[in-house]
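Chain by chain, the residues:
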Amino acid sequence: MRRGPTARRRAARTGQYLALLGYLVFLAFPLLWLVSTAFKPPRELASLHPGWIPDHPTLDNFRQAFEEQPLLRSAGNSLIASLAAAVITVVIATPMAYVMARHHRSALSRAATGWIVVSQAFPFVLVIIPLFLVLKEVRLIDSRSGLIMVYVVWSLPFALWMLAGYARAVPRELEEAAAVDGAGRLRVLISVTMPLLTPGIVATALFAFITAWNEFFFALVLLKSPRKQTMPIILTHFIGTEGVADLGPLAAASLLATLPSLVLFALIQRRITSGTLAGAVKH
Amino acid sequence: MTRRQGTAQGAWFLVLPALIPILLLSVGPLLYGIALAFTDSQAGRTDPTQWIGLLNFQDLLRDTLFWESFRIGLVWAVAVSVPQFLLALGLALLLHQDLRFRWLSRALAIVPWAMPEVVVGIMWRLVYHPDAGVLNETLGTHRDWLGSLSTALPAVVVVGIWARLPQVTVTLLAGLSNVPRELHEAAAMDGAGAWRRFRTVTWPAIRPIALAISALSFIWNVNSFALVYVLTGGGPGGRTRLPMLFAYEEAFRYGQFGYAAAMGCVLVAVVSILLAVHLVARLKGDDEA
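Keep in mind that what you see is a predicted model, and the values were worked out from it rather than measured.

Calculation notes
Residues numbered from 1 in each chain as written. Chains lettered and ligands numbered in written order. Predicted model: local features only at pLDDT ≥ 70, side-chain atom pairs only at ≥ 80, totals over all residues. Heavy atoms only, no water. Helix = DSSP H or I, 4+ residues; strand = E, 2+ residues; numbered from the N terminus. Rg over C-alpha atoms; globule rule 2.2 N^0.38 Å. Contact = heavy atoms within 4.5 Å. Buried area = accessible area lost by both parts, 1.4 Å probe. Polar contact = N/O pair within 3.5 Å; in protein donor to acceptor, adjacent residues only side chain to side chain. Nonpolar A, V, L, I, M, F, W, Y, C, P; charged D, E, K, R; others polar. Axes fitted to C-alpha atoms, helices over the stretch in contact; angles between N-to-C directions. Parallel < 35°, antiparallel > 145°, perpendicular 65-115°, else oblique. Left-handed = near helix turned anticlockwise from the far one by under 90°. Buried < 20%, exposed > 50% of the residue type's maximum accessible area, 1.4 Å probe, protein only. UniProt positions renumbered as here; feature names shortened; annotations may be inferred. Core = buried A, V, L, I, M, F, W, Y, C linked by side-chain atoms within 4.5 Å. Salt bridge = Lys/Arg side-chain N within 4 Å of Asp/Glu carboxyl O.

Attention now goes to the overall build of chain A. Of the regular secondary structure elements, chain A holds twelve helices and zero strands. Counting from the amino terminus, helix and strand elements in chain A follow one another as α-α-α-α-α-α-α-α-α-α-α-α. Taking 2.2 N^0.38 as the reference for a compact globule, 283 residues should give roughly 19 Å; the C-alpha atoms of chain A span a radius of gyration of 24 Å, well beyond that estimate. Counting only C-alpha atoms, chain A reaches 80 × 75 × 35 Å along its principal axes.

Between chain A and chain B, the contact holds 79 residues from the first and 91 residues from the second. In total, about 7,800 Å² of surface goes out of reach between chain A and chain B, with carbon and sulfur atoms giving 82% of it. Inspection of the chain A/chain B interface yields eight residue pairs in polar contact (both at pLDDT 80 or more). Per-element tally for the side of chain A that touches chain B: the top contributor is helix 12 (residues 247–282) of chain A, with 17 residues. Class assignment of the residues belonging to the side of chain A that touches chain B gives a composition of 61 nonpolar, 14 polar and four charged.

To continue, consider the packing of helix 4 (residues 71–102) of chain A against helix 7 (residues 144–169) of chain A. Residues and elements named next belong to chain A. Between helix 4 and helix 7, whose axes approach to 6 Å, the crossing angle comes to 40°. In terms of axis orientation, helix 4 runs oblique to helix 7. Crossing handedness for the pair helix 4 and helix 7: right-handed. Classifying every residue of the contact of helix 4 with helix 7 by side-chain character gives 22 nonpolar, four polar and three charged.

Residue and element names in this part refer to chain A. Examined against the element boundaries, Thr-193 turns out to sit in helix 9 (residues 185–214). Residue class for Thr-193 comes out buried when judged on its relative accessible area of 1%. Residues in contact with Thr-193, not counting those within four places in the same chain, are Tyr-98, Val-170, Glu-175 and Val-188.

Here we come to the UniProt feature "transmembrane region" (unreviewed entry) in chain A. Residue and element names in this part refer to chain A. UniProt tags residues 20–39, 79–100, 112–135, 147–167, 188–213 and 250–268 as "transmembrane region" (unreviewed entry). Across residues 112–135 one finds 92% helix and 0% strand; the C-alpha atoms that close the span lie 24 Å apart. The annotated region residues 147–167 carries 100% helix and 0% strand content, and the separation between its end C-alpha atoms amounts to 29 Å.

This paragraph deals with the nonpolar core. Most often, soluble globular proteins keep nonpolar side chains buried together rather than apart. Ranked by internal contacts, the top residues of the largest apolar core, which has 188 residues, are A:Ile129, A:Leu160, B:Trp76, B:Met115, B:Trp124 and B:Leu172. Excluding residues that lie within four positions of it along the chain, B:Leu172 makes contacts with B:Phe85, B:Ala88, B:Leu89, B:Ala92, B:Ile209, B:Ala210 and B:Ile213.

What follows concerns the pattern of salt bridges. Enumeration according to the criterion identifies seven salt bridges over all chains in this entry. A:Arg102 serves as the salt-bridge partner of A:Glu175, at 3.1 Å between the closest nitrogen and oxygen. Taken together, the positions of A:Glu175 in helix 8 (residues 172–180) and A:Arg102 in helix 4 put the pair 73 residues apart, joining distant regions of the chain. Across the pair B:Arg241 and B:Glu249 runs a salt bridge whose closest N-O atoms are separated by 3.9 Å. Overlapping salt bridges bring together A:Asp60, A:Arg63 and A:Glu67 as one network.

Residue and element names in this part refer to chain B. Look at the link from Gly-235 to Pro-236: it is a cis peptide, with omega at -10°. With respect to the secondary-structure elements, Pro-236 resides in the loop between helix 10 (226–231) and helix 11 (243–252). Phi at Phe-101 takes a positive value of approximately 70°, unusual for a residue other than glycine. The residue Phe-101 is located in the loop between helix 3 (64–96) and helix 4 (102–114) in this model.

Quick look at the structure:
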């Protein structure tokens with residue numbers, strides 16, 4: 001009699017582990033293949049039976065990737081655009097997010113929340129055409145500043161969303177206590193609220209950085225001259241017009257392009273998942 | 001009274017740095033984009049752009065290529081979002097259990113999430129590669145998965161599911177942490193089976209977050225661009241030409257700004273209607289609760 005439930009439970013456990021294994025394999029195999037391809041010498045890449053582990057692993061693909069395309073320069077372009085976008089985004093978003101958190105019933109907060117929701121829904125193409133025309137008018141097409149401006153506005157909805165969540169978590173009583181002690185509004189903001197918000201601001205900045213670093217569509221439309229292009233655009237140059245690619249260098253360059261966002265994302269991953277959507281729905 | 005005014009003025013001062021760029025670079029272009037849909041705006045035009053009323057929309061109605069792309073876009077969004085959500089829900093319930101190696105799935109989940117979409121596309125091109133790809137090697141086939149008419153769209157859909165599966169899973173997992181354990185145990189004591197417990201305890205608790213993430217992922221998929229642009233460029237024979245790729249080509253290859261803007265408007269309208277339906281479903285659910 002007792003064996004029944006135990007056997008069933010054991011079967012269920014086995015099923016669960018099989019499902020977990022399936023998930024891990026599905027997640028991991030394309031990544032492992034990318035890594036494997038990046039370290040394969042040309043002879044093994046051309047082989048009809050490619051293996052998982054290179055017989056003669058090589059770094060040649062990385063060297064060749066730098067020779068074929070201006071990787072370093074494009075990484076520099078990406079770095080500048082992403083850094084500038086991240087810094088500007090949090091500098092202008094933090095005060096507004098603070099107001100949204102403290103006066104969340106005001107018309108402005110409601111309008112901002114509405115804008116955040118709507119901006120998630122509209123297709124980029126509807127915005128990029130007019131932006132393209134306007135930026136062309138003011139000669140900011142094919143310019144770094146133009147791209148940075150677009151990235152800032154593109155990261156703003158999510159940044160406001162995240163930062164307002166963090167600002168709500170700062171206890172109002174602390175601010176009121178400081179105000180009672182005679183500190184002015186700006187003083188309270190700078191010496192009481194800001195320090196408590198810092199972890200949230202850093203997480204938001206990193207997120208904005210990653211978003212810009214990975215971005216492709218706006219860069220594709222706005223940047224024409226090769227020496228200004230960002231890394232995702234340069235990666236597509238490894239794939240020729242006929243769709244034929246030099247697989248080794250392509251894989252190597254792709255790995256390099258992924259590393260920065262991967263490292264930063266690992267740092268803030270927990271904050272993003274637990275702090276944003278879940279928190280937002282709970283409120 | 002004076003204190004309230006002070007607050008309001010201070011608030012405006014704090015809001016302006018973000019509000020000005022939002023108005024100039026987001027709300028403005030959005031309205032301008034809608035206006036463009038009613039004009040004959042083109043690249044490199046010498047004579048002034050003119051209002052042409054609904055002509056672009058009339059042309060769109062007759063454009064079989066657009067409807068084909070629209071159909072592909074809907075098929076793609078549904079074929080990615082629905083299995084992705086169901087898989088993610090199953091995985092979230094699974095990872096909520098006390099399993100060994102659970103940490104590994106969290107660690108791995110970061111990767112698709114943080115990867116540039118372009119790299120995800122490139123990576124899967126390597127997997128699907130006719131000669132050097134791992135898929136053919138494993139299956140013992142010799143197919144051009146991305147290049148043949150019958151397999152291109154399914155192949156791209158798999159990549160779409162892969163790309164955001166962890167994101168949806170982890171979000172649902174965050175929702176599961178809200179489920180009151182006592183309620184679950186009480187239901188189990190009353191003899192409720194797994195399905196009944198899910199329906200009466202788990203689902204009501206995660207419903208808001210499930211609706212939110214499913215709506216978001218659907219919108220993301222409707223607006224997909226980079227992934228498919230890198231994987232197939234819309235080919236073969238337009239089989240994977242999602243609406244965004246179509247509109248991009250129309251605007252920036254053929255310079256038809258007005259026409260492409262009209263396409264954008266149609267997409268916005270469709271997404272808004274779907275969102276409204278979704279929202280109504282959510283509100284109704286809240287009433288019942």
